Structures are given as structure tokens and as C-alpha cells.
Amino acid sequence: MPTVGPSTLDFRDFFFVAPEMLLAVWGLVVLLLDLWLARRLDPAARRLWVGRVALAGTGLAFAVALAVGLVPLMARAYPEDAGSWLSKSTLDYLFDTDPSLFSGTLAGDLQVGAFDLLYIVLLGLIVGLSRAWSFTEEWGEFLALLFWATVGMMLLSAAEELITLFVALETMTICLYLATALEKTRRRSAEAGLKYFIYGSVSSALFLFGLSYVYGLTGTTHLSAIRRLLVEAQQSGLTANAAGATAVLLILAGFGFKIAAVPFHQWAPDAYEGAPAPAAAWIATGSKIASLIAFMKVFANALEPWASPDSNVLRPGWIGIVAVVAAVTMTYGNLAALRQRNFKRMLAYSSIAHGGYLLVGVIAVGLAADVSRAAGAVLFYLVVYAFANLGAFAAAAWLARDKESDQIDDLNGLGRKQPLLAICITLLMLSLIGIPPLGGFFGKLYVFMEALDERTASRGSISLVWLVGLALLNSVVSAFYYVRVLRAMFLREPAGKPMAAADRLIALPILLSTAVVVGAGLTPDLLMGVMQAAAAPMLTTPIVVHKLTAPTPVGPPAPKKPTPAFQYSADQMKKMGQMATGGAGPPGGGGPAPKAKAGTKSATPKSKAQAPASKKAENRP
Amino acid sequence: MGSDIPLSWFLLFAAATFAIGIIGVITRKNPIAVLMAIEIMLSAANVNLVAFWRYGPERLDSGPIAGIVLAIMVITVAAAEVAVGIGLVILCYRRWQAADVDRYDSMAG
């Protein structure tokens, strides 16, 4: 919640950004050690040595992020013991009622903690992948850029305020432009970097211009305050204006570039093809996750009052526009992927298509009665998608190392030479198609179920059946190009120079990704529970998990201090009331609407264990 | 606030500047000119931000100076973008011996 009056800096807030700070500093450490100690080594030894330093940094950051996530949870679980190992002021801070960091600019909730860990794990795998072969000479620069891009992603998915969001977005993408262009031996790497840069910075300018209109209309940059003011303004009829519509379109265009939605996708195939495989993997996974989380926060939280068709600023609301973009994106991505022979370019178009499916999920979030369930479905999809893509890019790195090529045909005969890894790649491809026992299937299932669920939700005037039908049709189309990879691996004779055995730097990402994808497919409830718990605080006003008012273990906690953060509109209150009486809510939630609101809001982000249980309760007819 | 120039003039100016920037990005062939057009777009947004800050109501809950802070941040980010952009343009120029975005087309499809 935005602070009133002059804001004060609480230095204890730095505890929650410790992983970001560590990664930023470690980027400098890597850069300086590379220049200072490693320059005398020969190129291959230098690569391995600097890579090891970077890996140590990701390990350290993982430990710190784990500690940042666990200390509040532990303190909350055992409040009596916590006094012995935490100081009084830290305890006060952890149970503080002010839920956000740095005067409301950053969130420190479970979603941030979980995704920080995810980014660091992915970063570790990508740093490992970069050590596998020499595609550049500037190892310090390349790895430092990956680190700083990660800092940008972590802040982007934590941002609760538009200035922070913009700066984090730029931190992430500027580092990625450079990482794309760092493969000095190939001309197309420079070309990819320049194209990515031009499209990316035009999109930033569009986003910024839209943002300036939002600031002008509301006078604030805090997401929750924007939402509150728009709800108020809607009642007085102020939002029926051209500036609001322009702002929505421009911000949508800006985010559309970042997640490669179709009218704005042209950079993606070139950037993926030209970039060195680890940088392309980081663009495809980390940058996409962070941009989508920010997209959800801006559209489904701040601009939520403009979502629905009955808003009077844009006739269809942003949901109508996003629906059209999603339909075009997935159709175009899949059809264009069909004619690709280059593996990385095929993955680029496939990631455009997946962006289309994810936009369907964002629409569901915008319409949803139960925001945390719909947003949890999108986060689930993102995690599974990220790992499946990382494994696929590890295969692309393998190709680049041993064949110096990206063609799908160069995978010929891999199934006979390397059966284990070929089977793993097969599983990843099947997961990307969405074949039932794998994680990708459940990602699509959850997202599409949420989208279909909206027909029965209160805002019934938009039917998403056509969109989900198109998405299913597209999933079938996508099978053709993913199967081409499988056909090359298993049905063709190997030709030309055989691929050397993958060492553990390449095998580990493939194996781990396969494990995650299969694991998410076998126990989808587990991951979905975590993701729902993570999504719960994300799209409401910053109600933060680790800083509950009091450690009350059972029952709905007492309403927090009267919060002026934002008011629900009348129909939202009604919806909340229905939700609470519908079975999943806390006991006694069927009372008057304000009470139900307090109950659902504070009960949903309660704990990881509670979310799956409540989901089961809802699924039971 | 008593000011002589109405807010709408600033907004029209910013919108026109932004349109000039977009047209420049689309039509220019020289990558340096494209870079300049991008800078024009960012400046247009800055004009908007400062004008909205000057004419807008002061809201206590976000601090009255968000627009100015954002404008300063944008200037900083724009500087970083230009530094990176010039580097990439020089890299491409060395590879192709040409400053023409239409000729950087080794990848297609």
C-alpha cells in the first residue's frame, strides 16, 4: 500500500532484495575476475574458470534466496522459538502490517520468493550451458550480462509500481540485447542483436507513452492505487475517453513486443536464431516469464477496471483486444513454425504460439471470479514451458557445439547414438505439444479450463469457447513440427559428422528439465498448489504472506487495520461473497460482503498446504 | 493552477512528437537515424509526464513527484539504450561495411 506523506526508507527492506543485490554484485565480480585473473589463461580454460566463478555465484544466490524465503515462513510457523534466533526488530519487521517493500514499489510475497528461486535455478543451468563450448571470447561480459538480466527479471516480477517496473524491464532487456550480440564469430549474431534492440526499444517507448497517459489519468504510478482510482472514476463516468483507450493500446503493444505476440513478433525468430543458444534460452524462458508476470500485474490488477466489455472506455475492454491478439498469435506462430528447418527458429515460432496460449490464460485472469486460481494456472504453464524450452535449447546448444549448425536434420540418428537423451528430448517435445501424462498437458488443461469457466462467471457477456477451440486446434497443428524433431532423431540414419557424447553441462539441463516436466505431469496438484498460493497475493493489493498481523493458525484472521488501499466495486463484492459461500471460503464467510472480502483475501495466501485442499473442495461437485 | 498555456497544448505537442518518432523508425534506413527516432519517442513521453505532473492534482498517496522521478529515470534509461544501440550499430557496420538496416538480412523466414 502506498505510504502517505514523506516516505521513509526502512533498511530492513534490503533483506528481501538480498538475492538481487548478490547477483548484481556477483556480475561485477565475474567481470573483474575475468579481466584480472583469467586473461592469461587460454580461451577454453578461461571459459571454464570464469564459468565456475559464475556457477559459485548462482549457488550462493540460491542459498540466499532460499533463506529469504524460509526465514519468514519459519518465524511464522514457530513464533515462540523465533525469538531465540531473530532479533526483536527483525521479528517486528516480519510481522509488520505494512506489506510491501520500499514504500510500496516492490512486493515481497510468496510469488516473488518462488520465482526468484526459479530464475536462479534456470540461470545456473544456463551458465552451465554457456560453459559447454566456446562461442565467444568475452566470458566475463557474457556471464555478467546474464546475471544482470536476471536481476532485472527478479525485480520485474516483484514490481508493484510503474516506475520500478519500467526500470526493471529496461535492465532486463538491455542486458539481453548485448548478450544476443556477443557471439562475435558469426555475423548473424550482431544482426540479431541490432534487430532485437530496435524492436525492443521501440516497444519500450510505446509502453512508456501509454504509461504516461495512465499517470496523467490517475496521478499515481502505484498499481493498486491506479486500480482504486479507476474504479472510482468509472462510477463518475470519467474513464470514457480517448486517452484511456490509447493508453491501453500502447501498453498492450509494449508488452506484446516483449512476449512476442503477433503483430509485434518480428524480432523473435531472428533473435532466437542469431543469439548464442544460452542467451536465446534466457530470452525464451526468463524474459518471457518476467514479462508475462508484469503483464498480468498491470492488466489484471491495475487496469482491471478496464477489462470487461461493460466498461465504457473501450467497448470490448482490453479483454476483447487481447483475445484477438491471442487468437492471431497462436495461429500464426504454429503455421509459421511448420515450415521451419532450423531448430532454434522453430523453437522461436513455437514460443510465439505458446505466448498465444498464455494470453488466453491472462484473459481468464482478467475475467476470473477466483483470480488466484486463474493466475496460478498461468504460472503453472509458465514454469512447465520454461523448463521444456530450456531442455530444448540445451539440445540446440549441443547441435551448435558439435555440428556448428541449427538444422533439425542434423539431429538425424540421435536416437541410436544417445538413446537416453533422445528419449528425454522426446518427452520435452511431447510436453510442448501437450500430450496427456506430461506437464505441458496439465498447463494447457488448467489454462483452458479457467478460460471456459468464465462462461459461468458473473461477467457472462464474453464467451471464450471459440478461443479455446482455436487453441486446441492449434495444439494439434503444433504436433506436426515437434514430431519432425522426433522423426529426425529416431527414424533417420545419421549422416555426416556424428555428434560427440554430451557432457554433463549439456546433459544436466536436459535431464533436469525432463524430470520437472514429467514430475509436473505426474503430480500436477503439488505444483499447482504452490503456484496458486504464489498467485494469491500477486494480483490483489499487496497483502504479503510473510508479514501477517499475528500468527493465528486457524480460522480467518481478524481484518487488518482499516485499509484504505482500495475498494472493491459493488459487483466484485458480490462475487467475493458468492465465492465465499460457494464452499471454498472460510467458515462463516457467508455473512455480509465486507466480512467475506476480508475472509477470502487473507485466507487464500495463507499457506502452501491449504491451497490444494481448497482446490479439491471446489472441484467436488 | 494558474498557467497561461493549457495542458492540451502540451499533450498535442507530445503526441505529434511521438508520431514523428514512429514515422522516423519506420521510414529511416540508417540505423543511427532509427536510434534518433527512438530517442524522439522517449522525449515525447517525457513531455507528457512532466506536463501531467505540472497540471495534475497532487495525490498524497503516491507522492507528488512521481512524474518528475519517472522522467529522470527515462532520461537515464535512454542514455543507457543509446550507449548499447551505438555499440550494436558499430558492430553491424563492421560486419557489413554498410549503415543500412535493409541490408542486415542474413536471416529470413
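Residues numbered from 1 in each chain as written. Chains lettered and ligands numbered in written order. Predicted model: local features only at pLDDT ≥ 70, side-chain atom pairs only at ≥ 80, totals over all residues. Heavy atoms only, no water.

(A) Structural detail: the overall build of chain B. From N to C terminus, chain B includes 3 helices and 0 strands. When its helices and strands are written in sequence order, chain B yields α-α-α. Per-residue burial for chain B yields a buried fraction of 39% across its 109 residues. Intrachain contacts of chain B at a sequence separation of at least 6 include 61% that bridge at least 24 residues. Accessible surface computed for chain B: about 5800 Å², of which carbon and sulfur atoms make up 68%. (Helix = DSSP H or I, 4+ residues; strand = E, 2+ residues; numbered from the N terminus. Buried < 20%, exposed > 50% of the residue type's maximum accessible area, 1.4 Å probe, protein only. Contact = heavy atoms within 4.5 Å. Areas by Shrake-Rupley, 256 points an atom, 1.4 Å probe, with all protein chains shown as cover.)

(B) Spatial organisation of the interface of chain B and chain A. Counting residues at the interface gives 46 residues for chain B, matched by 52 residues for chain A. Across the chain B-chain A interface, the total number found is 0 salt bridges. Taken together, the links from chain B to chain A amount to 3 residue pairs in polar contact (both at pLDDT 80 or more). Contributing elements (two or more residues each) for the side of chain B that touches chain A: α1 (7-27), α2 (31-55) and α3 (66-96) of chain B. Here the side of chain B that touches chain A gets 17 residues from one element, more than from any other, and that element is α3 of chain B. In terms of residue class, the side of chain B that touches chain A is made up of 35 nonpolar, 6 polar and 5 charged. (Salt bridge = Lys/Arg side-chain N within 4 Å of Asp/Glu carboxyl O. Polar contact = N/O pair within 3.5 Å; in protein donor to acceptor, adjacent residues only side chain to side chain. Nonpolar A, V, L, I, M, F, W, Y, C, P; charged D, E, K, R; others polar.)

(C) Local environment of the packing of helix α6 (residues 139-158) of chain A against helix α12 (residues 277-302) of chain A. All names here are of chain A. Interaxial distance between α6 and α12 falls to 8 Å at its minimum, and their mutual angle equals 15°. In terms of orientation, α6 and α12 fall into the roughly parallel class. For the element pair α6 and α12, the recorded crossing hand is left-handed. Mapping the contact onto sequence places Phe142, Leu146, Ala149, Thr150, Met153, Leu156, Ser157 and Ala158 in α6 and Pro278, Ala279, Trp282, Gly286, Ser287, Ala290, Ser291, Ile293, Ala294 and Lys297 in α12. When the residues that make up the contact of α6 with α12 are grouped by side-chain class, the tally is 12 nonpolar, 5 polar and 1 charged. (Axes fitted to C-alpha atoms, helices over the stretch in contact; angles between N-to-C directions. Parallel < 35°, antiparallel > 145°, perpendicular 65-115°, else oblique. Left-handed = near helix turned anticlockwise from the far one by under 90°.)

(D) Representation of unusual backbone geometry. The backbone phi angle of alanine 260 of chain A is positive, close to 60°, even though this residue is not glycine. With a relative accessible area of 1%, alanine 260 of chain A lands in the buried category. Positive phi, close to 55°, is recorded for glutamine 97 of chain B, a residue that is not glycine. For glutamine 97 of chain B, a relative accessible area of 57% corresponds to the exposed category.

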